[in-house]
Amino acid sequence: MKAAVILLPGLNRDRDMIAALTTISGQAPLTIWQTETSIPDDVDLIVIPGGFSYGDYLRCGAIAARMPVMQAVREKAEKGTRVIGVCNGFQILLESGLLPGALMRNASLKFVCREVKLEVANANTVFTQGYAPGQIIRCPVAHHDGNYFTDAATLAEIEANDQVAFRYTPDTNPNGSVNNIAGIVNKAGNVLGLMPHPENLIEAAHGGTDGRALFEAALGLVEA
Amino acid sequence: MIKARVTVTLKNGVLDPQGKAIEHALGGLGFSGVDSVRQGKIFDVVLATSDRKEAEAEIKAMAAKLLANSVIEDFSVEVI
């Protein structure tokens, strides 16, 4: 399965993501610059890494979400291509409307950089099938605007549709996200956005490998 | 030239941690009569047109497309 990483000015987790995908799949992902208007047909997984696209000057991810490459991502996503957005990538997916909701300033108003625990809320997605339902995994977070919010009707809908992929354990929710939501998928299940950084926990040297199964599943290397 | 001001505010019911922090700070500075504070943003946009109607429609489109996030924010447009 061929992966591509989207590059935007201000992202700073692109190298981590490229290293993770290369280590796990054995081949380096394509890199696609923000001004590109198309993504090659043979790309099966698109990843938008974390950072601070366009300095987050307007709102997190807002300017990036309106760049030409995101129209190409939207077209691929609508055709079923898998898309993962991590941290700023999650913010970009929300701002682009590919996922429902918004990420606001952390309730504490503080930048958080630490390890949290995540519950695998739905182990039946193409991204989470390498985990057991309800499994608790460790994962680092580093963000200022990770407070997931949506109106009550949308929240009820995503809960009813099992679109919550990951939740913070109640004692480690770092940002005040509603229902402890850390990551969600779209209705079709092929677009995932999450605030934590699984790409930073894929080999023993990182202190753990809990993030590895997510990319193995997304790359089609494990089947449930 | 037409100047317009777009005011973006968080929707009612959306938690505003920054507004809360400011509200708390005002209390700490001795302003005891503050009931609540909500923080927003103002964009002053100057358009190279003289058609007020066209300018207003254009600014509203800009606000809806980029300046405000309709999930959490409302906006109002004032042509000055």
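What you see is a predicted model, and the numbers here were worked out from it, not measured in a lab.

### Considerations on the UniProt feature "active site" (unreviewed entry) in chain A
Residues and elements named next belong to chain A. The positions UniProt marks with the feature "active site" (unreviewed entry) are Cys87, His197 and Glu199. Considering the C-alpha atoms alone, the annotated residues occupy 113 residues of sequence yet fold into one spot, their largest mutual distance being 11.1 Å. Of the annotated positions mentioned, Cys87 and His197 line the second largest pocket. Tracing the sequence through the fold places Cys87 in the loop between β4 (82-86) and α3 (88-95). Excluding its chain neighbours within four sequence positions, the residues that come into contact with Cys87 are Gly50, Ala142, His143, Leu194, Met195 and His197. Take His197: it is sitting in the loop between β11 (191-194) and α5 (212-218). Sequence-distant contacts of His197, defined by excluding residues within four places in its chain, comprise Arg13, Gly50, Val86, Cys87, Cys139, Pro140, Val141 and Ala142.

### As for helix α1 (residues 14-25) of chain A
Turn by turn, an α-helix covers 3.6 residues, leaving residues three or four places apart pointing in a common direction. Residue and element names in this part refer to chain A. Between its first and last C-alpha, α1 extends 16 Å over 12 residues, near the 16 Å set by a 1.5 Å rise per residue. Three or more residues of α1 are buried, namely Asp14, Met17, Ala20, Leu21 and Ile24. Angularly, the buried residues of α1 cover 130° about the axis, an arc narrow enough to put them on a single face. On its buried side, α1 packs onto β1 (2-7), β3 (43-48), β4 and α5. Among the residues trailing α1, Gly26 stands out with phi positive, at a value near 85°.

### Observations regarding the sheet that holds strand β9 (residues 164-168) of chain A
Residue and element names in this part refer to chain A. Ordered in space as β2-β1-β3-β4-β11-β10-β9-β6-β7, the nine strands form an open sheet in which the pairing is mixed. Each edge of the sheet is formed by a strand with only one pairing partner; in this case those strands are β2 (30-33) and β7 (136-143). Pairwise comparison of adjacent strand axes, ignoring direction, gives a mean angle of 25° for this sheet. Bridging between β1 and β3 involves four bridges; their strand directions are parallel. Paired with Ala4 across the two strands is Ile46, which belongs to β3.

### Quick word on the environment of B:Ala68
Relative to the helices and strands, B:Ala68 resides in the loop between α2 (52-67) and β3 (73-79). On a C-alpha basis, the gap between B:Ala68 and B:Leu10 in space is 9.2 Å, while along the polypeptide they are 58 residues apart. Not counting the four nearest positions on each side in its chain, B:Ala68 is found in contact with A:Arg59, B:Val8, B:Ala63, B:Glu73 and B:Phe75.

### Some words on the interface of chain A and chain B
Taken together, the 14 residues of chain A in the interface contact 16 residues of chain B. Around 1300 Å² of area is buried between chain A and chain B when both sides are counted, 68% of it from carbon and sulfur atoms. Of all residues in chain A, A:Leu58, A:Arg59 and A:Met104 give up the largest surface area on contact with chain B, accounting jointly for 38% of the area buried on that side. Viewed at the interface, chain B and chain A are joined by one salt bridge. The salt bridge involving B:Glu73 is made with A:Arg59; its shortest N-O contact spans 3.7 Å. Contributing elements (two or more residues each) for the side of chain A that touches chain B: β5 (102-104) and β8 (147-149) of chain A. For the side of chain A that touches chain B, the per-class residue count stands at seven nonpolar, three polar and four charged.

### Thoughts on the state of the cysteines
All names here are of chain A. Counting across every chain of the model gives zero disulfides over all chains. Looking at the unpaired Cys87, the closest cysteine sulfur is the one in Cys60, lying at 8.6 Å. Looking at Cys87, the relative accessible area reads 6%, which means it is buried.

### Concerning empty space enclosed by the protein
All names here are of chain A. For the structure on display, the rule yields one cavity of 30 Å³ or more. Its volume calculated, the largest cavity comes out at about 40 Å³. Lining the largest cavity are Met1, Lys2, Ala3, Leu21, Ser25, Gln27, Ala28, Pro29 and Leu219. Those elements giving two or more residues to the lining of the largest cavity turn out to be β1 and α1. Residue classes in the lining of the largest cavity are distributed as six nonpolar, two polar and one charged.

### Focus: the layout of surface pockets
Counted as a void, the largest pocket has a volume near 480 Å³. In terms of lining, the largest pocket is formed by 26 residues, of which the most central are A:Arg59, A:Asp145, B:Gln18, B:Lys41 and B:Glu73. At the level of secondary structure, the elements contributing two or more residues to the lining of the largest pocket comprise α3 and β5 of chain A together with β1 (2-10), α1 (17-28) and β2 (40-47) of chain B. Here the second largest pocket defines a volume of roughly 160 Å³. Considering the residues around the second largest pocket, the lining is formed by 14 residues, among which A:Gly51, A:Phe52, A:Phe111, A:Ala142 and A:His143 are closest to the centre. The class makeup of the residues in the lining of the second largest pocket is five nonpolar, six polar and three charged.

Scoring rules and cut-offs
- The residue count restarts for each chain, going from 1 along the sequence in the order it is written.
- Working convention: letters from A go to chains and numbers from 1 go to ligands, in the order in which they are written.
- pLDDT decides what is reported in this predicted model: residues at 70 or higher carry local features, side-chain atom pairs at 80 or more are listed and counted, and totals for whole chains, interfaces and linings draw on all residues regardless.
- The side-chain values count all of the structure's non-hydrogen atoms but skip hydrogen atoms and water molecules.
- UniProt positions are given in the numbering used here, feature names are shortened, and annotations may be inferred rather than shown by experiment.
- Grid spacing is 1 Å over the protein atoms alone, the probe is 1.4 Å, and a cavity is where that probe fits but cannot get out, while a pocket is an open set with protein on both sides within 12 Å along at least five of seven lines and lining residues have an atom within 4 Å of a point.
- The helix and strand labels rest on DSSP assignments: H or I over at least four residues marks a helix, E over at least two residues marks a strand, and numbering proceeds from the N terminus.
- Contacts were defined at the residue level, with two residues in contact if any of their heavy atoms lie within 4.5 Å.
- Helices are assigned an expected span. That span is 1.5 Å times one less than the residue count.
- Only protein chains enter the area calculation, which uses a 1.4 Å probe; residues under 20% of their type maximum are buried, those over 50% are exposed, and those in between are partly exposed.
- To be clear, the arc concerns the directions from the helix axis to the C-beta atoms.
- Should DSSP find at least two bridges between two strands, the strands are regarded as paired.
- With axes taken as lines fitted to C-alpha atoms, and helix axes fitted only over the stretch in contact, angles between N-to-C directions fall between 0 and 180 degrees.
- Throughout, the accessible surface (probe 1.4 Å) given up by two parts as they are put together, summed over both, is called the buried area.
- One speaks of a salt bridge when a side-chain nitrogen belonging to Lys or Arg is within 4 Å of a carboxyl oxygen belonging to Asp or Glu.
- Residue polarity is assigned by list, with Asp, Glu, Lys and Arg as charged and Ala, Val, Leu, Ile, Met, Phe, Trp, Tyr, Cys and Pro as nonpolar; anything else, Gly included, falls into the polar class.
- Two cysteine sulfurs form a disulfide in these notes if their separation is within 2.5 Å.
- Grid points are joined across faces, edges and corners, and a volume is the space filled by probe spheres set on the points.

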